[in-house]
Amino acid sequence: MVVTVTLNPCVDKSSNVPALKPESKLRCTQVVYEPGGGGINVSKALQKLQCPTTALFPAGGHNGQMLCDLLSQAGLSYHAVDTVVETRENWVVLEEQTNNQFRFTFPGIAVEEAAIINLVDQLRNFTPTYVVGSGSLPPGLPPYFYGLIVKNAAAIGAPCIIDTSGEALKALKGKGAFLIKPNIGELCQMLNIEHLHKNEVDDAARQAVKDGYAQVVAVSMGPLGAWLVSASEKHYAPAPEVPRRSTVGAGDSMVAGITYSLQKGRSLREAWALGVACGSAATMNSGTQLFNAPDAWRLFEWILEHM
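Every value quoted in this text rests on a predicted model; they were computed, and no experiment measured them.

Attention now moves to the packing of helix H1 (residues 38-48) against helix H8 (residues 250-263). In helix packing, the relevant descriptors are the interaxial angle and the interaxial distance, both defined with respect to the helix axes. Relative to each other, H1 and H8 sit at 55 degrees, their axes nearing to 8 Å. By the angle class used here, H1 and H8 are oblique. Note on packing geometry: the crossing formed by H1 with H8 is right-handed. Here Gly38, Asn41, Val42, Ala45 and Leu46 of H1 come into contact with H8, specifically with Asp252, Ser253, Val255, Ala256 and Tyr260. Taken together, the residues that form the contact of H1 with H8 break down as six nonpolar, three polar and one charged.

Below you can see the structure in the form of structure tokens.
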């Protein structure tokens, strides 16, 4: 069983509009409500792969109750820690005339630090095969909190996969994470490099391994493909050409594919192929729907053949 941790969850709301015009009343389609936030999206993706998972997160107010209700309706196991502040919401709007997607991501309200400490400590009540921490930090929370997740995962003998960015990602140096998943820009920020070419990414990722960020560094490069690097292995996966409708949840889908494969005992190469397949399949769906499993498994076979 995989436990995911989401420190800054949200309710995702998506809709379509014919065209975005200033100073006009925009006629939108019916709003779709879905549970969101990094780790919760990973749990949703793991569910699509029929992998047992429990989502751990803070929740408060009307949106927090809606978040829990949506997860219950989806049949997804979760454990919510109560907070006194309202859970945030995000908006995704698709402009039908251009197929452009507009993503309105809100920071949320600062959550009391004691609630987050309580949340992280409760990891010790589970016996997961892997722990996944994914997403942004709530406003005001120090960057070192993902390091606390890694520490608590280690205390229960679970490898920890982290997908975050900015100062929270930099703060993972030396903390003992099993795997991190920066994109190419985030890798540059980690290593204080101005720019990386595609053929330099594997060496930079290996440097991140040497610097103690994680045992494995998985770097997504969008249409340029993706690298997965450890101290002894490196695997490049090409990006399959697919009809692109939305990038929401693609990174979380990638993490889910990797995690599912690893907890099944598959090789890093196979895990990376399924991760890229799930991430690519997620871009084929609109809004915040993540991927369809048949698409992911079909792309997995293609990627394995072309690695």
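If you walk through the whole model with that rule in mind, you get three salt bridges. Aspartate 202 is the partner of lysine 234 in a salt bridge, and the nearest nitrogen-oxygen pair spans 2.7 Å. With lysine 234 in strand S13 (residues 234-237) and aspartate 202 in helix H7 (residues 201-210), the pair connects residues that are 32 residues apart, well separated along the chain. Residue aspartate 202 is classed as buried on the basis of its relative accessible area of 8%.

Once that is clear, we can look at the packing of aromatic side chains. Counted under the stated rule, the structure contains six aromatic pairs. Ring pairs connect the aromatic residues Tyr260, Trp297 and Phe300, which therefore count as one cluster.

The subject of this paragraph is the sheet that holds strand S2 (residues 10-17). With respect to topology, four strands assemble into an open sheet ordered S3-S2-S6-S7, the strand pairing being mixed. Looking along the sheet, the strands with just one partner apiece sit at the ends: strand S3 (32-36) and strand S7 (100-104). For this sheet, the mean angle separating the axes of adjacent strands, direction not counted, is 20 degrees. Bridge analysis of S2 against strand S6 (residues 88-95) gives eight bridges, and the strand direction is parallel. The residue bridging valine 11 from the neighbouring strand is glutamate 89, located in S6.

Two elements in contact, H8 and helix H9 (residues 268-282), have axes separated by 7 Å at closest approach and are oriented at 150 degrees. Judged by the angle between their axes, H8 and H9 are roughly antiparallel. By crossing handedness, the relation of H8 to H9 is classed as right-handed. Listed contacts from H9 to Ala250, Ser253, Met254, Gly257, Ile258, Tyr260, Ser261 and Leu262 of H8 are Leu268, Glu270, Ala271, Trp272, Leu274, Gly275, Val276, Cys278, Gly279 and Ala282. Residues belonging to the contact of H8 with H9 are distributed by class as follows: 12 nonpolar, five polar and one charged.

Calculation rules
- Residues numbered from 1 in each chain as written.
- Predicted model: local features only at pLDDT ≥ 70, side-chain atom pairs only at ≥ 80, totals over all residues.
- Heavy atoms only, no water.
- Axes fitted to C-alpha atoms, helices over the stretch in contact; angles between N-to-C directions.
- Helix = DSSP H or I, 4+ residues; strand = E, 2+ residues; numbered from the N terminus.
- Parallel < 35°, antiparallel > 145°, perpendicular 65-115°, else oblique.
- Left-handed = near helix turned anticlockwise from the far one by under 90°.
- Contact = heavy atoms within 4.5 Å.
- Nonpolar A, V, L, I, M, F, W, Y, C, P; charged D, E, K, R; others polar.
- Salt bridge = Lys/Arg side-chain N within 4 Å of Asp/Glu carboxyl O.
- Buried < 20%, exposed > 50% of the residue type's maximum accessible area, 1.4 Å probe, protein only.
- Phe/Tyr/Trp six-rings, centres within 6.5 Å; stacked < 30°, edge-to-face > 60°.
- Pairing = 2+ DSSP bridges.

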